[in-house]
Amino acid sequence: KGHINDRLSRMAALLNAPVKLNVSYTYTLQGNVFSCAILAAGAVEPSRATQVWSAVNFDLSTGQEITFADLFTDETAAREAIEAYLMAEVAPEQSAHLAAGSLLPLPESFSLSHEGLTLHYPIGQLSTLSDRAAVIAVRWSVVSDLLRAEPDGIPARIGALASVTPDATTRQRIIDAVAEGS
């Protein structure tokens, strides 16, 4: 987003560059919701090898980009809940997996799946110990009470609501397990 011209101008220089540019992506297509995370690694910048994440999330039924406001009833409260989760659960483990960096503010780049939201950090903000741009997965259960619950809303269409709401079979299994003392 917003860097296409910068990236295109690098193409000519890449032909003779000792460090190549590698691009990979992952995507999900759930119904009419498309989410794609793109990682450019290598000669992204002229001066050094680095990594840059970009992610796009589109509602294919409207052609509109998906924002936090499309996912949550209260965008501010959702951001605060995710930030609290990061500080309580991720920050204590940070030194074991991530280089010094800042979990906050939340990055603008994120991707979606039925399991949760993946935050894609700029390498200058947060990186792994192997100097890669960090990604952190946040399960929908962290913000389940803030998900939009409309049957035709984005969370319902990607399976987020189903992942945080047990069905009758699951509820019965839990009741049975508790009754058996498991």
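Residues numbered from 1 in each chain as written. Predicted model: local features only at pLDDT ≥ 70, side-chain atom pairs only at ≥ 80, totals over all residues. Heavy atoms only, no water.

Undergrad: I would appreciate a short explanation of the overall build of the chain in the present structure.
TA: Each helix and strand counted, the chain has 7 helices and 7 strands in total. Listing each helix as α and each strand as β along the chain from the N terminus yields α-β-β-β-β-α-α-α-β-β-β-α-α-α. Taking all 182 residues of the chain together, 34% fall into the buried category. Restricting the contact set of the chain to residue pairs at least 6 apart, pairs at least 24 apart contribute 48%. Accessible surface computed for the chain: about 10700 Å², of which carbon and sulfur atoms make up 56%. (Helix = DSSP H or I, 4+ residues; strand = E, 2+ residues; numbered from the N terminus. Buried < 20%, exposed > 50% of the residue type's maximum accessible area, 1.4 Å probe, protein only. Contact = heavy atoms within 4.5 Å. Areas by Shrake-Rupley, 256 points an atom, 1.4 Å probe, with all protein chains shown as cover.)

Undergrad: In this structure, what is going on with helix α7 (residues 168–180)? I would like to understand it.
TA: Structural remark: α-helix, 3.6 residues per turn; residues separated by three or four positions point the same way. Compared with an ideal rise of 1.5 Å per residue, which puts 13 residues at 18 Å, α7 spans 18 Å between its outermost C-alpha atoms and is within 8% of the ideal. One or two steps after α7, the chain reaches Gly181, where phi turns positive at roughly 80°. (Expected span 1.5 Å × (residues − 1).)

Undergrad: When you look at the sheet that holds strand β2 (residues 33–42) in this model, what are you seeing that I'm missing?
TA: Paired through backbone hydrogen bonds, the strands of a sheet run either parallel or antiparallel to each other. Strands sit in the order β1-β2-β3-β4 across an open sheet of 4 strands; the sheet is antiparallel. For this open sheet the edge positions go to β1 (21–30) and β4 (64–65), each flanked by a neighbour on one side alone. Where strand β3 (residues 50–59) lies against β4, 2 bridges are found, and the strand directions are antiparallel. Its bridge partner lying in β4, Asp59 is registered against Gln64. (Pairing = 2+ DSSP bridges.)

Undergrad: What is the right way to read the sheet that holds strand β5 (residues 109–112) from this model?
TA: Ordered in space as β5-β6-β7, the 3 strands form an open sheet in which the pairing is antiparallel. Whereas interior strands pair on both sides, the edge strands pair on one side only; in this sheet they are β5 and β7 (135–139). Direction aside, neighbouring strands of the sheet carry axes that sit 25° apart on average. Looking at chain direction, strand β6 (residues 116–120) and β7 are connected through 5 bridges and run antiparallel. By the bridge assignment, Thr118 is partnered in β7 with Ala137. Taken strand by strand, helix α3 (residues 75–90) contacts β6 and β7, and its axis lies near 110° from that of β7. (Axes fitted to C-alpha atoms, helices over the stretch in contact; angles between N-to-C directions.)

Undergrad: Which parts of the structure should I look at to understand unusual backbone geometry?
TA: Residues other than glycine predominantly adopt negative phi, and peptide bonds predominantly adopt the trans conformation. Pro105 follows Leu104 through a cis peptide bond whose omega is 5°. The residue Pro105 is located in the loop between α4 (94–97) and β5 in this model.

Undergrad: Teacher, can you tell me more about the packing of aromatic side chains here?
TA: Two measures describe an aromatic ring pair: the distance that separates the ring centres and the angle between the ring planes. Tallied over the entire structure, the rule returns 5 aromatic pairs. Centre to centre, the rings of Tyr27 and Phe34 are 6.1 Å apart; their planes meet at 35°, and the pair counts as tilted. Residue class for Tyr27 comes out exposed when judged on its relative accessible area of 51%. (Phe/Tyr/Trp six-rings, centres within 6.5 Å; stacked < 30°, edge-to-face > 60°.)

Undergrad: Can you walk me through a nonpolar patch on the surface in this structure?
TA: On the surface, a cluster of nonpolar side chains totalling about 700 Å² of accessible area is made up of Leu21, Val23, Tyr25, Tyr27, Leu29, Ile38 and Leu60. The leading source of residues in the nonpolar patch is β1, at 5 residues. Within the secondary structure, Tyr25 is located in strand β1. (Patch = residues over 30% accessible without salt bridge, like charges linked within 9 Å, V, L, I, M, F, W, Y side chains within 5 Å. Salt bridge = Lys/Arg side-chain N within 4 Å of Asp/Glu carboxyl O.)

Undergrad: Would you explain the pattern of salt bridges in this entry?
TA: For side chains of opposite charge, pairing can occur when their charged atoms come near one another. The tally for this structure, following the rule as stated, stands at 3 salt bridges. With a closest N to O distance of 2.8 Å, Arg157 and Asp59 form a salt bridge. Note that Arg157 is positioned in helix α5 (residues 154–158) and Asp59 in strand β3, a separation of 98 residues in sequence. According to the relative accessible area criterion, Arg157 is partly exposed, its value standing at 24%. Residue Asp59 is classed as buried on the basis of its relative accessible area, which comes to 8%. A salt bridge links Arg148 to Glu150; its shortest N-O distance comes to 3.2 Å.

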